[in-house]
Amino acid sequence: MAWSHYQKFLAVMMVITGSFNTLSVKYADQQIVQGSDGQPRHFNHPFMQSLFMFIGELMCLIVFKIAFCYHSRLQNGSENRSSLTKGSQAFNPVVLFIPAACDMIATSVMYIGLNMTYASSFQMLRGAVIVFTGLLSVGFLNKKLILREWLGILFVILGLLLVGLSDFLTMSDQKVNKNGVLTGDLLIISAQIITAIQMVVEEKYIAGQDIPALQAVGWEGVFGCIGMCFIMIPCNFIYAPPPFADNSSNTIEASIDALVQISRSGHLLMAMIGITISIAFFNFAGISVTKELNATTRMILDSIRTLVIWTISLAVGWQKFHYLQVQCSPLEICYYTNS
C-alpha cells in the first residue's frame, strides 16, 4: 500500500528530529563552560538533560489542549478528524505513569552513558532493546516468536558485538578513557532493559485505547517532569567520582551548576533548546507512525537515523571510521524487515 503524503511527512520528521535530538545531547556534552565555582568543565548533567527532554514532551500536552479547544469551539466534530486531536478521551492518565517512569530512568541512564561514549555507538547500542523486548514479550505477554524472529534477534546480538569491537578499535586509535567508554556502553545496554519493560507495559495496558499521540506524549512529559524533580533532589547530595560526576559539587547532579553553565554559554543554551523541541516532535512523530503505519516501520526509521548520526559524528570528528560499524545498522534493519 502506498504511503500518503502525511505518512511520508511523519517518517521524515521522525528521522530528522530523532537524529537532531541525539546530536544535540552529545553537542551539549562536548561544551566546556565555567561552572558556579568559576572552573571550566564539560557539561556533565544527564539528569538536567532528561528534565529538559520531559519539558519538551509536556509541551505536547499544551499544544494538544490548544488544538482540542480550537476544534471544539468550531462545533463541527473536527476534533474527531484532525490528526492532532482525533482519538479516544475515555482513558485514565495514570496508565501512562509506569511508561513515563521507565522512560525517565532509562533516559537518565542512557544520557550518562552517552556522556562517556560515542554518539553513533549510543544509537546503535539502543538496538539491544529488540532483544530484551522479545524476551519479555515471551515471558509476560505469552507471545510465541517464530524462527525468523529468533534469527533476527541473533542478528541484532551480532550487531551489538560489532559495536563493542568497533569501540575497542576506536579507543586503540585515540587517547580516550577506555574504562569510561566501556562503562558508557554497558549503561546504555542496561537502560534498554528498562525501555523494553516500558514497551511491554504500553502494549499490555495502553495499546488499543487509541489515545491521541500528542496527549499520550504530553502526559508522559507531565509524569516525567514531576519524577525528575524528585529524583534530582537526592542526586544533588550524593557524591560520585568522575566520570559519573564532573561538576563543582562532585555530586551525581548539580542543578545550580548546570543552570549557571547554560546561562554562560549561548551554544549550550541552543543545545538544550534543541533537545527540548526535537524530542517533542520526535515522540509525536514516533507514536503517529505507529498509529498510521505500524511499530515495525517505526523501528526501521529508528535504525535509519543511526546511519545519520554515525555519518555526522564522523564529519564533525567525534570519532574515527571503522568498517565494523557499517554493518551494525543493516543487521538491525534485517531484524525488523524479517519480523
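Residues numbered from 1 in each chain as written. Predicted model: local features only at pLDDT ≥ 70, side-chain atom pairs only at ≥ 80, totals over all residues. Heavy atoms only, no water.

Peer 1: What's the story with the packing of helix α2 (residues 46-74) against helix α8 (residues 213-235) in this structure? I'm lost.
Peer 2: Think of two packed helices as two axes; the pair is described by the angle between the axes and how far apart they sit. With their axes 7 Å apart at the nearest point, α2 and α8 run at an angle of 150° to one another. The orientation of α2 relative to α8 falls into the category roughly antiparallel. Crossing of α2 over α8 shows left-handed handedness. Looking at the contact of α2 with α8 residue by residue, the class counts come to 20 nonpolar, five polar and three charged. (Axes fitted to C-alpha atoms, helices over the stretch in contact; angles between N-to-C directions. Helix = DSSP H or I, 4+ residues; strand = E, 2+ residues; numbered from the N terminus. Parallel < 35°, antiparallel > 145°, perpendicular 65-115°, else oblique. Left-handed = near helix turned anticlockwise from the far one by under 90°. Nonpolar A, V, L, I, M, F, W, Y, C, P; charged D, E, K, R; others polar.)

Peer 1: Mind showing me how you'd approach the UniProt feature "transmembrane region" (unreviewed entry) in the chain here?
Peer 2: Here the UniProt feature "transmembrane region" (unreviewed entry) sits at residues 47-70, 90-112, 124-141, 150-169, 181-201, 213-239 and 268-287. Counted over residues 124-141, helix gives 83% and strand 0%. Its end C-alpha atoms are 26 Å apart. (UniProt positions renumbered as here; feature names shortened; annotations may be inferred.)

Peer 1: Looking at this structure, I do not really get helix α10 (residues 266-292). What am I missing?
Peer 2: In an α-helix, one turn spans 3.6 residues, which is why side chains three or four residues apart end up on the same side. A rise of 1.5 Å per residue sets the reference length of α10, with its 27 residues, at 39 Å; its end C-alpha atoms lie 38 Å apart and thus fit the reference within 8%. Where α10 begins, one side-chain oxygen reaches toward the backbone nitrogen of His 267, 3.5 Å away; that side chain belongs to Ser 265. (Expected span 1.5 Å × (residues − 1). Polar contact = N/O pair within 3.5 Å; in protein donor to acceptor, adjacent residues only side chain to side chain.)

Peer 1: Whenever I open this one, unusual backbone geometry confuses me. Can you help?
Peer 2: With the exception of glycine, the majority of residues adopt a negative phi angle, and the majority of peptide bonds are in the trans configuration. Even without being glycine, Gln 75 reaches a positive phi, approximately 55°. In this fold, Gln 75 is placed in the loop between α2 and α3 (97-116). Residue classification places Gln 75 among the exposed positions, given a relative accessible area of 72%. The phi dihedral of Asn 250 is positive, around 55°, even though this residue is not glycine. When you line up the elements, Asn 250 lands in the loop between α8 and α9 (255-264). Look at Asn 250 and you get partly exposed, because its relative accessible area is 41%. (Buried < 20%, exposed > 50% of the residue type's maximum accessible area, 1.4 Å probe, protein only.)

Peer 1: For this particular structure, what's the right way to read the nonpolar core?
Peer 2: Most often, soluble globular proteins have nonpolar side chains that are buried together. Within the largest apolar cluster, 65 residues are counted, with the highest numbers of intra-cluster contacts made by Phe 43, Met 228 and Met 272. Among the elements that line this core, the one with the most residues is α10, at ten residues. Apart from residues lying up to four places away in sequence, Met 272 is in contact with Ala 28, Phe 43, Met 48, Gln 49, Phe 52 and Ile 262. Phe 91, Ala 100, Ala 216 and Phe 223 belong to the second-largest nonpolar core, a separate cluster that totals six residues. (Core = buried A, V, L, I, M, F, W, Y, C linked by side-chain atoms within 4.5 Å. Contact = heavy atoms within 4.5 Å.)

Peer 1: Is there a simple way to think about the side chain of Glu 57 in this case?
Peer 2: Relative to the elements of secondary structure, Glu 57 occurs in helix α2. On the basis of relative accessibility, which here comes to 1%, the residue Glu 57 falls in the buried class. A polar side-chain atom of Glu 57 sits 2.6 Å from a polar atom in the side chain of Asn 283. Among residues more than four places away in sequence, those in contact with Glu 57 are Asp 103, Val 217, Gly 218, Glu 220, Gly 221, Ile 279 and Asn 283.

Peer 1: What's the story with the confidence of the model for the chain in this structure? I'm lost.
Peer 2: Atomic detail in the predicted coordinates should be set aside for any region of low pLDDT. Residues with a pLDDT of 70 or more make up 85% of the chain, whose mean pLDDT is 82. By mean pLDDT, the top-scoring element of the chain is α9 (94), and the lowest-scoring one is helix α13 (residues 328-338) (49). Contacts of residues 333-339 to residues separated by more than four positions or lying in other chains number 16 contacts, the stretch itself having pLDDT below 50. (pLDDT = per-residue confidence, 0-100.)

Peer 1: Explain a nonpolar patch on the surface to me, please; I cannot follow it from the model alone.
Peer 2: There is a patch of nonpolar side chains on the surface, built from Ile 55, Met 59, Leu 269, Met 270, Ile 273, Ile 277 and Phe 281 and spanning about 590 Å² of accessible area. Elements supplying a minimum of two residues to the nonpolar patch: α2 and α10. No other element matches the five residues that α10 contributes to the nonpolar patch. Judged by its relative accessible area of 36%, Met 59 is partly exposed. (Patch = residues over 30% accessible without salt bridge, like charges linked within 9 Å, V, L, I, M, F, W, Y side chains within 5 Å. Areas by Shrake-Rupley, 256 points an atom, 1.4 Å probe, with all protein chains shown as cover. Salt bridge = Lys/Arg side-chain N within 4 Å of Asp/Glu carboxyl O.)

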